[in-house]
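# Architecture at a glance
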Amino acid sequence: MSLKEPLFEDQRIRFTPFDYEKDPQIESRWSHNPAYLRMLGADIARPLTPDQVKKNYEEIEKEVDEKRTLFYFAIRTHGKKADEEERLIGFARLYWIEWSNGTANIQLGIGDPGDWRQGYGGEALRMLLRFAFDELNLFRLMAVIPEYNQSAIHLFARAGFSEEVRRRQALHRDGRRWDMLHLGILRQEWQAQQKSLRTSPAETQVA
Amino acid sequence: MDTPLFQGELVRLTAVEPQKLAESFSRWSRDSEYWRLLDSGPAFVYSPQRSKEWLEKMLQENEHNLFMFMIRTLEDDRLIGEVGLDGVQWNHGDTFIGIGLGEREFWGKGYGTDAMRVILRYAFNELNLHRVSLNVFEYNRRALRSYEKTGFKVEGRARKFLSREGNRWDLIFMGILREEWEKAQ
């Protein structure tokens, strides 16, 4: 990697701040889909009005600015082609950052089922890992994922995370119990992976 | 029904009195070893005033999912620590638990284990939870043994989570299910 390589842009998506005009409508729509909310974690599914979403944005930005224990990005498609608009598709965040230990939790969400399984999550995760390890200089990350969210588990495993904790029966959904999984990745594991990916001589030269 | 819910063999759990607990808390916070066994964040010293404000704010903000108690000895009613169920998730019946004995002379004598037994009974028999979770640091052998004695099982380790004195240590996750707890009674 190099200083010139953009941190907030990949091939099809970019990390951006909130758009207080447009985003709340879209996120309010996502919040009416319990399948989406339940994939994210243990919270109680609850639909939100655009105003409630806007209030959440304000609280998130306040925490980012004042406490520095959270970094949060809105994920958007580029909209580079003439027939394609820039479009909000999800969020990416690092939360519960402990600076003295160099640790944080990591989470992604792609809101619209039409955007699932399109490779956006993989791109977003790649960018967020680079931000965590090369910009924040963290030491390790943890993803907390319900056992029933197999696509997220595979996504994080492909990116180099391994299962570290299995909190038995910590979730109760539709009459049955599921485990809560914690997946972790160390900085050195991520770095080793970057090295093995870096095959072209041009790129090694930059590093 | 007439089980003394808040009483064990060595200790009892009493209501948090912010002023009293804050005074002890401030004194305990000056014991850096205590801090490092209790909290993953940087050890720091806190005044009684600041401790009280923090306590009151926390109790107020988490009224529905935090159940915190002071630990007092049965023998002479001395305040020796605190214990709390923190972040109760009512929809799943899960909670985390935290315990700290600030008074060092009561370490390794069964007071913590006794307090843990009392609060587990409260979690399962009063709150009717399905499981209880906790975190313990790899270097805190005494706590790990005590939790195992109370019935907790290791559910995994966040590798090298803690950085202390130039070493990295795991953050151990433990849990106990209602059925495991019931069987042990």
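Shown above is the structure to which this text applies.
First things first, this report covers the structure right here in the doc. No experiment lies behind these values; they were computed from the predicted model shown. The written sequence of each chain sets the order in which its residues are numbered from 1. Following the order in which they are written, the chains are lettered starting with A and the ligands numbered starting with 1. Given that this is a predicted model, residues contribute local features only at a pLDDT of at least 70 and side-chain atom pairs are listed and counted only at 80 or more, while totals for whole chains, interfaces and linings are drawn from all residues. Think of the side-chain values as coming from all heavy atoms in the structure, minus any hydrogens and water.

Let us look at the overall build of chain B. For chain B, the helix and strand inventory stands at six helices and seven strands. Only runs of H or I of at least four residues qualify as helices and only runs of E of at least two qualify as strands under DSSP, and these elements are numbered from the N terminus. The linear arrangement of helices and strands in chain B, starting from the amino end, is β-α-α-α-β-β-β-α-β-α-β-β-α. Note on method: radius of gyration uses C-alpha positions; expected globular size equals 2.2 Å times residues raised to 0.38. Here the C-alpha atoms of chain B give a radius of gyration of 16 Å, agreeing with the 16 Å that 2.2 N^0.38 yields for 185 residues. With the C-alpha coordinates aligned to their principal axes, the bounding extent of chain B is approximately 40 × 40 × 35 Å. For chain B, buried positions account for 50% of its 185 residues. Whether two residues touch is decided by their heavy atoms; if any such pair falls within 4.5 Å, the residues are in contact. In chain B, once contacts between residues fewer than 6 apart in sequence are set aside, the share between residues at least 24 apart is 63%. Carbon and sulfur atoms make up 47% of the accessible area of chain B, which amounts to about 9,400 Å² in all. Lys and Arg are tallied as positive, Asp and Glu as negative. Neither His nor the chain termini are counted. Each charge is placed at NZ for Lys, CZ for Arg, CG for Asp and CD for Glu. Each charge sign in chain B was given a centre, from 27 positive and 29 negative side chains, and these centres are 6 Å apart. For every residue, the accessible area (1.4 Å probe, protein chains only) is compared with the maximum for its type, and the residue is labelled buried under 20%, exposed over 50%, or partly exposed between those bounds. The accessible surface values rely on the Shrake-Rupley method and a 1.4 Å probe; as for residues, cover is taken only from the protein chains in view.

Residue and element names in this part refer to chain A. Looking at the secondary structure, you find Leu-125 in helix 4 (residues 120-135). Through-space distance from the C-alpha of Leu-125 to that of Ala-104 is 14 Å; in sequence the pair is 21 residues apart. Setting aside residues no more than four positions away along its own chain, Leu-125 makes contact with Ile-106, Leu-108, Leu-155, Phe-156 and Ala-159.

Centre distance and the angle of the planes are the two values used to describe a pair of aromatic rings. Two rings from Phe, Tyr or Trp (for Trp, the six-membered ring) form a pair when their centres are within 6.5 Å of each other. A pair whose planes differ by under 30 degrees is stacked, one over 60 is edge-to-face, and the rest are tilted. Per the counting criterion, the structure on display carries 30 aromatic pairs over all chains. Between Phe25(B) and Trp54(B) the ring centres are 5.6 Å apart and the planes differ by 20°, which places this aromatic pair in the stacked class. Placement of the pair is Phe25(B) in helix 1 (residues 18-29) and Trp54(B) in helix 3 (residues 48-61), with a sequence separation of 29 residues. Phe25(B) gets classed as buried once you look at its relative accessible area, which sits at 12%. Each ring, one from Trp35(B) and one from Tyr46(B), has its centre 5.9 Å from the other, and the planes form 50°; the classification is tilted. Within this pair, whereas Trp35(B) is found in helix 2 (residues 32-38), its partner Tyr46(B) is found in the loop between helix 2 and helix 3, the two being separated by eleven residues in sequence. Residue Tyr46(B) is classed as partly exposed on the basis of its relative accessible area, which comes to 22%. An aromatic cluster of at least three residues, connected via ring pairs, comprises Phe8(A), Phe15(A), Phe71(A), Phe73(A) and Phe131(A).

Our focus in this paragraph is the interface of chain B and chain A. Counting residues at the interface gives 27 residues for chain B, matched by 28 residues for chain A. Summed over both partners, buried area is the accessible surface (1.4 Å probe) that two parts give up on being assembled. Around 2,300 Å² of area is buried between chain B and chain A when both sides are counted, 43% of it from carbon and sulfur atoms. Interface area lost by chain B to chain A is led by His92(B), Arg159(B) and Phe161(B), which between them contribute 30%. One side-chain nitrogen of Lys or Arg within 4 Å of one carboxyl oxygen of Asp or Glu is enough to make a salt bridge. The tally of links between chain B and chain A comes to five salt bridges. For Asp94(B), the salt bridge goes to Arg167(A), with nearest N and O atoms at 2.2 Å. N or O atoms closer than or at 3.5 Å make up a polar contact, with two conditions inside protein: a donor-capable atom paired with an acceptor-capable one, and, for residues adjacent in sequence, both atoms drawn from side chains. One can count 23 residue pairs in polar contact (both at pLDDT 80 or more) joining chain B with chain A. The set of elements that each furnish at least two residues to the side of chain B that touches chain A consists of strand 4 (94-101), strand 5 (131-137), strand 6 (153-164) and strand 7 (167-177) of chain B. Ranked by residues supplied to the side of chain B that touches chain A, first place goes to strand 6 of chain B with ten residues. Basically, the charged four are Asp, Glu, Lys and Arg, the nonpolar ten are Ala, Val, Leu, Ile, Met, Phe, Trp, Tyr, Cys and Pro, and anything else, Gly included, counts as polar. Grouping the amino acids of the side of chain B that touches chain A by side-chain chemistry returns eight nonpolar, ten polar and nine charged.

Scope: geometric values only; no functional claims are made or implied.
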